[in-house]
Each structure stands twice: as C-alpha cells, then as structure tokens.
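Residue strings, one per chain:
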Amino acid sequence: MSAHILVVDDVEKNVRLLSDVLAVHGFRTSAAASGAQALAQIAADPPDLVLLDVMMPGMDGYDVCRAIRADPAHAVLPVVLVTALDPEHERVRGLEAGADDFLSKPIHQAELLARVRSLLRVKSLYDEVQRQRGELQAWNRTLEQRVADAVQQVERIGQLKRFFSPQLAEAILAGGTDDPLRSHRREITVVFLDLRGFTAFTETADPEEVMAVLGQYHTAMGQQVVAHEGTLERFSGDGMMIFFNDPQPMPDAPARAVAMAVQMQQDMARLSSQWRQRGYDLHMGVGIAQGYATLGGIGFHGRIDYGAIGTVTNLAARLCGEAAGGEILLSQRVRAGALAADGAIAGWRVEDGGELELKGFQRRVAVWRMVADGCGGLSAG
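What you see is a predicted model; the values in this text were computed from it and never measured.

Participant: Please set out the overall build of the chain residue by residue, giving values where relevant.
Facilitator: Counting its regular elements, the chain contains 11 helices and 14 strands. A total of 381 residues make up the chain; the buried ones form 43% of that total. Counted over contacts in the chain with a minimum sequence separation of 6, partners at least 24 positions apart contribute 66%. Accessible surface, the chain: about 19800 Å² in total, of which carbon and sulfur atoms supply 53%.

Rendered as structure tokens:
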C-alpha cells in the first residue's frame, strides 16, 4: 500500500503543486487548508507523513506541530515544515515545536522526494519495531499464562499423586479419565494392611527408630502400590488402605490386588528379617474385600482428600484386623475373582478360613486365608 501524505497549506495552488508531485511518484495524498482542519483529518485518517506550511492564519505551523506532538498516538508522526522565511531561525523554532525536517520555498522536487522517502523509511522501521513489540507483549502474556497454567498443572499433579500412580494422575489431567473427585459409585477391590507388634515396638523404641522403620515400611509398600497402579486412599501410622478399579477401570482388579498383597508380604519378609536383627519383631497382616462404594472428594476448601465410603472398606479393615502376621485374608468375592479354581498362586496356598464374626456385620463372613507355602519367614506363627 502506498504511503499517505497530508499536505497542509492555506494556499490552494501550493497544495495542488505538492499533491501532484507526490501523486506522480506513487504517494496517496490528502489536503487541509488550516491547522484545525489538519488536526481533524489526522484524527480521522492518520497519515504516514505531514507536509505542514508554517505561515497560516489562525493556528500556524508551529501550533499545529505542537498539537500533533501532544497526542501520544502521533508522537512520532513525521512532520516536515515548509517555509519561505529565514531557514536558520525557522529551524530552531521548528525543532522546539517537534518538527522532523524542513523544506524551503520554492520547493525543489528532488529534495522534497528525498526528504519524504527518508522520513518514511524511519517511520516504517518504527512501525515494525512497534509491531514486534506488540507481538512480544502478546507472547509474554501468553507465556505468563502458560507458566501459570503449568504451575497449576504441577500442583494438581502433585495433589493427585498423593492418591494415584503418576501415570494415572497425568492421564486424569490430560482428560484421559473422568474427574475422580466428583462423587460416584463403583465396585472396587479394597486392600487394608497394618503391622503386627507395632504398638509394643513404639512403647520401647526411640521416636527416631520408629520413624526410620515407618519410612522403610512406607517406601517398600508404596513402591508396590505404584507398580500395581493402585489408588492410595490413606495411610496413618502403620496402616494403609489401597483400592483398585477406580478411578481407572480394571477388569482384573481382584487379581491385581492379590498380586500386590503377595509382593508386599514378600517385601515385608525381607524387612522383618532386617528388623529382627535389631530386636524388632514386626510383621504385616492384610485384608482384601470386593464390593460397591461411593467415592470422591471428601473435606473442605483447601483440604480435599480422595476417599471411599461403603461396607466394602469396613470388611477389608476387619479382615486385616483378623489376619496374623504374614497372612492375607480374602473375602469370598475376591477369592472367586482373583484365584484359579484350585486356589493356587505361585509360592502361596489358599485355605478355607471358615466363617468369622466381624464387628459391624450381623452375619458371619466367609473368609479365605492366603499363607506363604514353605516360606515360614512370612508368618508370625
């Protein structure tokens, strides 16, 4: 697009002369016969350069130039003063008013075009800098928003990783699964575990020793939770609750829960051996149950936990309480869903545990007992 030049002069002949010369060389021109008219046209259709006569009635060229510079939107609009007066005197006044260049009357065509093109190049460079500045500011705003979003994402991932495996937490945030904090109902397999002999241990051991043992215990069990993609509902002291099939559906939830419990007991056997050398007699009992529960966020603003409420969680906790050290107690549904018809799993045997009276349950509950086959170190005896 050709540059737009505003010619301001109260003498029509001068306006026509300048406009014709500029038009022949490809410039688009407009004209104003007074300072007030020039300012109005600049506001309505901003030009790329102003050729401004000094001697005009009303507002002279200096007044118009000062008015142009007073508007921040036109602070760098090129203004060329055209005068027939003493050029040295007018140059000083023009510079003080904010003019960029000067032309003396009578106008020399070559000089006019040279000065116009020079100032237009400068303005073009300035416009490009302003464009790039605007793009940079927009990019910075976008970057700031992206950083804020990323920080929020990291914080939410950190919150979700309290309950879920890292892969699942990232899938939730990526939209790969439903928001687990919304209340919903689903069938889950719940695993409860806690230590046998822990109360007696805490009564005789120093607090530092207790914390060190818990650190080893939580680390080993936590690794298995992550490896088997379980959902950590809570842990308190020596107790932990994990469940499967929420928020990520798992068709093999019972089998996965049993496999995790078996691996946990094997890891626990190694820890127990180490602790025994330091005089600590600690073992772990595990209870696993399957059933429906209501799941979702539980808490208040600023402190939300992910929890499950239902009979199945109570059953798993009661089975855990009945399990001896090294044992895994299963509900009937878990046994049916997780194990083969012969009740075998590598290195372990499944025994009919009969029916137990459990607190909170009106009827006796059929249970199955898993114990290590030929690995006496897993059992508390």
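Participant: Hey, could you go over the layout of surface pockets for me, with residue numbers and the actual values?
Facilitator: Taken as a whole, the largest pocket holds about 210 Å³ of empty space. As for the largest pocket, its lining consists of 13 residues, of which Q290, L315, S331, R333 and V365 are closest to the centre. Of all the secondary structure elements, the ones that give two or more residues to the lining of the largest pocket are β9 (283-300), α10 (311-322), α11 (332-338) and β14 (365-372). Of the residues assigned to the lining of the largest pocket, the class counts are six nonpolar, five polar and two charged.

Participant: So what's going on with the side chain of N245? Residues and values would help.
Facilitator: Here N245 is to be found in the loop between β8 (239-244) and α9 (253-277). According to the relative accessible area criterion, N245 is buried, its value standing at 15%. A distance of 2.8 Å separates the side chain of N245 from the backbone oxygen of E187, its partner in a polar contact. Excluding residues within four positions of it along the chain, N245 makes contact with R186, E187, I188, M250 and A253.

Participant: Give me the nonpolar core: which residues, what numbers.
Facilitator: Residues L193, Y217, I242 and I288 are the most contacted members of the largest nonpolar core, which totals 43 residues. It is α9 that provides the largest number of residues to this core, a total of 10 residues. Discounting chain neighbours no more than four positions away, the residues touching Y217 are L193, D194, L195, D238, M240, M268, L271, W275 and M284. Ranked by size, the runner-up nonpolar core spans 20 residues in total, among them V190, A289, L319 and V367.

Participant: Describe in detail the sheet that holds strand β5 (residues 101-104), supporting the description with residues and values.
Facilitator: Within the open sheet, the five strands sit side by side as β2-β1-β3-β4-β5. Their pairing is parallel. The sheet is open, and its two edges are formed by β2 (28-32) and β5, each paired on a single side. Each strand of the sheet is rotated relative to its neighbour by a mean of 20°, with strand direction disregarded. Lying over the sheet, helix α2 (residues 35-44) contacts β1 (4-8), β2 and β3 (49-53), oriented at roughly 140° with respect to β2.

Participant: Explain helix α3 (residues 61-70) to me, and be specific about the residues and the numbers.
Facilitator: Listed as buried for α3 are G61, Y62, V64, C65 and I68. The buried side chains of α3 occupy one side of the element, clustering within an arc of 160° when seen end-on. With a side-chain oxygen lying 3.1 Å from the backbone nitrogen of Y62, the N-terminal cap of α3 falls on D60.

So, how was this worked out
Residues numbered from 1 in each chain as written. Predicted model: local features only at pLDDT ≥ 70, side-chain atom pairs only at ≥ 80, totals over all residues. Heavy atoms only, no water. Helix = DSSP H or I, 4+ residues; strand = E, 2+ residues; numbered from the N terminus. Buried < 20%, exposed > 50% of the residue type's maximum accessible area, 1.4 Å probe, protein only. Contact = heavy atoms within 4.5 Å. Areas by Shrake-Rupley, 256 points an atom, 1.4 Å probe, with all protein chains shown as cover. 1 Å grid on protein atoms, 1.4 Å probe; cavity = no way out; pocket = protein on both sides within 12 Å on 5 of 7 lines; lining within 4 Å. Points joined across faces, edges and corners; volume = space filled by probe spheres on them. Nonpolar A, V, L, I, M, F, W, Y, C, P; charged D, E, K, R; others polar. Polar contact = N/O pair within 3.5 Å; in protein donor to acceptor, adjacent residues only side chain to side chain. Core = buried A, V, L, I, M, F, W, Y, C linked by side-chain atoms within 4.5 Å. Pairing = 2+ DSSP bridges. Axes fitted to C-alpha atoms, helices over the stretch in contact; angles between N-to-C directions. Arc of directions from axis to C-beta.

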